[in-house]
Amino acid sequence: MANQDDNLLKKIVAHAKEYGFVFPSSEIYDGLGAAYDYGQYGSELKNNIKNFWWKAMVQMHENIVGIDAAIFMHPTTWKASGHVDAFNDPLIDNKDSKKRYRADVLIEEYIAKIEGKIKKEVQKAAKRFGDSFDETQFLATNGRVIEYNAQIKSINDRMKSAMETEQLNELKTLIEDLGIACPVSGSKNWTEVRQFNLMFSTELGSLAEGANTIYLRPETAQGIFVNFLNVQKTGRMKIPFGIAQIGKAFRNEIIARQFIFRMREFEQMEMQFFVKPGEEMKWYDHWKEKRIQWHKILGLGEDNYRFHDHLNLAHYANAACDIEFNFPMGFKELEGIHSRTDFDLKAHEEHSGKKLQFFDPQENQNYVPYVIETSIGLDRMFLAIMSASYKNETLEDGSERVVLKIPPALAPVKVAVLPLVKKDGLSEKAREILETLKFHFNCQYDEKDAIGRRYRRQDAIGTPYCVTIDHDTLQDHSVTLRDRDTTKQERIPISELTNRIEGLVSINTLLQKL
RNA sequence: GCGGGAGUAGCUCAGCUGGUAGAGCGACAGCCUUCCAAGCUGUAGGUCGCGAGUUCGAACCUCGUCUCCCGCUCCA
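Throughout this description, residue numbers start from 1 for each chain and increase along the sequence as written. Here every chain gets a letter starting at A, and every ligand a number starting at 1, in the order they are written. Given that the model is predicted, a residue must reach a pLDDT of at least 70 before its local features are reported, and side-chain atom pairs must reach 80 or more before they are shown or counted; all residues, however, enter totals for whole chains, interfaces and linings. In computing side-chain values, all of the structure's heavy atoms are included and hydrogens and water are not.

Visitor: Before we go on, may I ask you to explain the pattern of salt bridges in this structure?
Guide: Think of it this way: side chains of opposite charge can pair up when their charged atoms draw near. Here, a salt bridge means any side-chain nitrogen of Lys or Arg that lies within 4 Å of a carboxyl oxygen of Asp or Glu. Taken as a whole and assessed by the stated rule, the structure comprises 26 salt bridges. Glu 267 is the partner of Lys 50 in a salt bridge, and the nearest nitrogen-oxygen pair spans 3.1 Å. Of this pair, Lys 50 sits in helix 2 (residues 40–59) while Glu 267 sits in strand 10 (residues 265–275); the two residues are 217 residues apart in sequence, bridging distant segments of the chain. Summary of the burial criterion: residues with accessible area below 20% of their type's maximum are buried, those above 50% are exposed, and those between are partly exposed, where the area comes from a 1.4 Å probe applied to protein chains only. On the accessibility criterion, Lys 50 (21% relative accessible area) is partly exposed. Among the charged side chains, a salt-bridge network with shared partners connects Glu 393, Arg 401, Lys 405, Asp 459 and Arg 482. Secondary structure elements follow DSSP: runs of H or I no shorter than four residues count as helices, runs of E no shorter than two count as strands, and numbering proceeds from the N terminus.

What follows is the structure, encoded as C-alpha cells:
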C-alpha cells in the first residue's frame, strides 16, 4: 500500500508537469532543489484556491478584512516573535544508527530522566513516612534530591550558555560528558553539532550600522500583528475581528521534499482573529468548525480529513491543532489552527514601545486581545486537490482515461468549446459561441483531432464542461454540454449556455453552502 | 548533512560480450469526418546529466561531479 501511494505521488508529479500545472524550478539548469514553478494551469488553479479562500474568509465576514504586507520587515519583528531565538535548531547525528536528533532535545530528555529519579525518591519517601510526609521539606533536605537538582541546574546552565553564545562544540561536549547514548543504536558515536537557522537572511544597505541583516519572513502572521493598530483604527474594527493575508513565506528547511508539500519558498493563507481575553477557547472551537466546513464543501471526500491536536505546544500557543489531509504520503498537516494567546501583540508592545491594545467600551477598559490563528498552506491545498482529483478510470467500453476531478469552481479551465468537425461552418459557429463565453469563464477552443481525443485532453486538465457544436446546431441553435465526471451529454439552447454553466462552476455555488 | 536508488527524444522505455542511437505514445502540418484515446501521409525533436580516464573506437568500462527520488529531524 505504501508502495502504491508512492507511485500515486509520482504519477501526480509527472501529470502536473506534463500538463502544465507544476514544473521543477529552473529546469533547464538542472533544477533548483525543492523549488517549483506553477505553469499555465497551475497558476489558474492556485488563483482560484486563493479566491475561494479570500471570499470565504474575508468578503463573507463583516468583521474580517485583508491586508498585503511586505515580505521584508524590520529585524526587530523577528526578535519579538521569538523566531531569532527559537528557530535555531542545533542538530546532531548518531553515526551508527544514522538517526538525527536535536542536541537540545537530547539534553532535555536526559534532564527529564533525572527528574524521574527525583519523583521516585519522593514516592519511596512518601511510603516510608506515611501521613506525616512533608514533600516540600523532603525536597529541600534530602541529600540525593539536592544532588539531583544541582545536576539539573548545572546541565541547564551549561546548555543555556552554550545555546545563547552559539557554542555548538560545547553542546557536543555536554552530550559526551553526560554519556548520552542514541536510543536506537545505543552508541555514543556522535557527529559534530550543526546549526540550522531556519530564517533566510539577506543584506539591506541603508539600515543603521551593524543592523543591516534582514530576514525573509518565515510566516505571514507577523505582517498582520505589526499592522494591528493601523487596521483597527482605520477600519474602525471592533473586537472580535480578523485580519487576513495571503502571501509568500520562506523557511530554510533542512530537508525540503515531497514535491510541493514542503518547499523553502511557500505561500500561506492566514487569518488572525482578535478576541477578548478569556473568550479564546470559544473562538478556537468556532474556527475549527468553520475551517473544516470550508474544506468539506469542496467534496474531496470527508474521510480524507482529520483533526490532530498538538500536545507539545509552540512557545506562543495555549491550544493548537492541525487539519490533516490524506495525501498520497499519508495523513499530513494541511492547515493549522492555533490559539496564540496575547504572546505576539505583547511581545511587539515590549519591543516597539507602542501600545497594541483595544479599548473595550462595554468593559470601559483597555486590553491586549488574544489571537486565534487559522493558517493554511496554499501549496499544500493545491497538492491536496491534485491528489484527491487525480483518477485513472476505466470506462464502460473498456478504454481508460486519466481525469482530474477538480471541484468545478476551482478548475483552471471551466469550459472547452469544440466544433465536432472543422468544416461546414462549425468552426465559425464555435468561435462565435466562444466569443460570448469568454467574458464569463476561462475557456479553451480546440478543433484538432477526433472529438473523443479532445474530450480526453480536457479531462486531463480537469475542465468540467465541454460545449460541442454539431451540424444540428446550425439549425436548432443548441449545443451539447458534456460533463467531465459522468461523460454524459445534454442538449441545451445556446441562449441558456452562460447561465447554465455559471450555476455549475461559479465559486458562489460553494460559498452558498458555507 | 548521512545512507540507499536513478539519470538515453516532451512522456514511457529499448539499446546484447564497448563499433559513434531506436520504438511506442505525444507535438506540429495535411488528408479523412464518424460525439468519447489508439485511421492515413509527412515533419520536427537527442553533444545518451556533466567532466576526465582506459581504448583505434564509450550510451555501455573506471574515477570524479551535478541533479532528482526514498528514509532520518523540523514545519504550513
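Visitor: Just checking my understanding: could you explain the sheet that holds strand 11 (residues 305–309) for this structure?
Guide: The mixed open sheet is built from seven strands, whose spatial order is 3-9-10-16-13-12-11. Each end of this open sheet is capped by a strand with a single partner; those strands are strand 3 (64–67) and strand 11. In this sheet, neighbouring strand axes are inclined to one another by 25 degrees on average, regardless of whether the strands run parallel or antiparallel. Judged from the six bridges that link them, strand 13 (residues 330–341) and strand 16 (residues 370–377) form a sheet pairing that is antiparallel. A strand pair is defined by DSSP finding two or more bridges across the two strands. Axes, fitted as lines to C-alpha atoms, cover a helix only where it is in contact. Angles between the N-to-C directions of the axes lie from 0 to 180 degrees.

Visitor: Help me understand the environment of Gln 365 in this model?
Guide: With respect to the helices, strands and loops of the structure, Gln 365 is situated in strand 15 (residues 365–367). Gln 365 sits in the partly exposed class, given a relative accessible area of 40%. Counting along the chain gives 49 residues from Gln 365 to Tyr 316, while the straight-line C-alpha distance between them is 24 Å. Two residues qualify as a contact provided that any one of their heavy atoms is within 4.5 Å of a heavy atom in the partner residue. For Gln 365, the contacting residues outside a window of four places in its chain are Phe 358, Phe 359 and Asp 360.

Visitor: Before we go on, may I ask you to explain the packing of aromatic side chains in this structure?
Guide: To describe a pair of aromatic rings, one takes the distance between the centres and the angle between the planes. Working definition: rings of Phe, Tyr and Trp (its six-membered ring) pair if their centres are within 6.5 Å, and the pair is stacked with planes under 30 degrees apart, edge-to-face with planes over 60 apart, and tilted otherwise. All told, the structure shown has 17 aromatic pairs when counted by the stated rule. Both rings, one in Tyr 38 and one in Phe 382, keep their centres 4.9 Å apart while their planes meet at 70 degrees; by these two values the pair is edge-to-face. With a gap of 344 residues between them, Tyr 38 in strand 2 (residues 36–38) and Phe 382 in helix 13 (residues 378–389) connect regions that are remote in the sequence. On the accessibility criterion, Tyr 38 (18% relative accessible area) is buried. Of the residues examined, Phe 382 reaches a relative accessible area of 1% and is grouped as buried. Ring centres of Tyr 305 and Phe 325 lie 5.2 Å apart, and the angle between their planes is 70 degrees; this geometry places the pair in the edge-to-face category. Of this pair, Tyr 305 sits in strand 11 while Phe 325 sits in strand 12 (residues 319–327), placing them 20 residues apart in sequence. A residue is classified by how much of its surface remains accessible, and Tyr 305, at 7% relative accessible area, is buried. Clustering of aromatic rings is evident, with ring pairs tying together Phe 225, Phe 228, Phe 241 and Phe 274. Seen from the ring of Phe 307, Lys 288 lies directly overhead, with NZ or CZ sitting 5.0 Å from the centre. Should the NZ of a Lys or the CZ of an Arg lie within 6 Å of a ring centre and within 35 degrees of the ring normal, that charge is described as sitting over the ring.

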